[in-house]
Amino acid sequence: MAEKTGPFQKVVVDQDICIGCGACVSVCPYQALELDENGKARLIWDMCKDDFSCVPVCPVNCIWKTSEAPDSAKGKANWYRFSKALSDAEKKEFEDWKAKYKITWSPA
């Protein structure tokens, strides 16, 4: 399978709803989700390549495509992080993504 290239829509996780079951983590082919220190799902922003297999497996519906996520979830703390320092191109993609989808919280 060819590597997908951006820009990507990504997903939003509402950690207040998440029950920490790990279903999303287990199905993501890009390892773009993890359980954080509180046992809640967290997106690893730069790893997400729009597979979206995490969305339908969530038993409590706390993961959405970014374009479909409620604004309340986009403004919560700690639901995404980076796996590494971003390149200049990735920083631009990140800033464009934040602006396009009205992401109001910074990464964890």
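The name given to the chain in an unreviewed UniProt entry is 4Fe-4S ferredoxin iron-sulfur binding domain protein, and the organism recorded there is Vulcanisaeta moutnovskia.

Undergrad: Describe the nonpolar core, naming the residues involved and giving the relevant values.
TA: The biggest cluster of nonpolar side chains holds 28 residues, and the ones touching the most others in it are L43, I63, W79, Y80 and W97. Counting residues per element, the ones that place at least two in this core are β1 (11–13), β3 (41–44), β4 (63–65) and α4 (88–101). Every residue in contact with W79, bar those within four places of it in the chain, is listed here: V11, V12, V13, Q15, R42, L43, A73, K74, W97 and I103.

Undergrad: Give a description of the sheet that holds β3 that names residues and reports values.
TA: Overall, mixed pairing links the 3 strands, which are arranged β2-β3-β5 in an open sheet. Edge positions in the sheet fall to β2 (33–35) and β5 (80–81), since each of these pairs with one other strand and no more.

Undergrad: Any chance you could break down the packing of aromatic side chains for me, citing the residues and the numbers?
TA: Enumeration according to the criterion identifies 9 aromatic pairs in this entry. Pairing Y80 with W97 gives two aromatic rings, centres 5.5 Å apart and planes at 80°, and the pair type is edge-to-face. With a gap of 17 residues between them, Y80 in strand β5 and W97 in helix α4 connect regions that are remote in the sequence. The burial state of Y80 is the same as that of W97; both residues are buried. By way of ring pairs, the aromatic residues W45, W79, Y80, F82, F94 and W97 are connected into one cluster. The positively charged end of K10 is found above the aromatic ring belonging to W45, 4.3 Å away from the centroid.

Rules used throughout
Residue positions are given per chain, counted from 1 along the sequence in the order it is written. Local features in a predicted model are, by the rule used here, given only for residues with pLDDT of at least 70; side-chain atom pairs are given and counted only at 80 or more, and totals for whole chains, interfaces and linings are based on all residues. Excluding hydrogens and water, the side-chain values take into account all heavy atoms of the structure. The nonpolar core is taken to be a set of buried Ala, Val, Leu, Ile, Met, Phe, Trp, Tyr and Cys residues, with the residues joined through side-chain atoms within 4.5 Å. A 1.4 Å probe rolled over the protein chains alone gives each residue an accessible area, and that area as a share of the maximum for its type sets the label: buried under 20%, exposed over 50%, partly exposed in between. A helix here means a DSSP run of H or I that spans at least four residues, while a strand means a run of E at least two residues long, and both kinds are numbered starting from the N terminus. In what follows, residue pairs with any heavy atoms lying within 4.5 Å of each other are defined as contacts. Two strands are counted as paired when DSSP detects at least two bridges linking them. For Phe, Tyr and Trp, rings pair up if their centres lie within 6.5 Å, where Trp contributes its six-membered ring, and each pair is then called stacked (planes under 30 degrees apart), edge-to-face (over 60) or tilted (otherwise). Whether a charge sits over a ring comes down to the Lys NZ or Arg CZ being within 6 Å of the ring centre and within 35 degrees of the ring normal.

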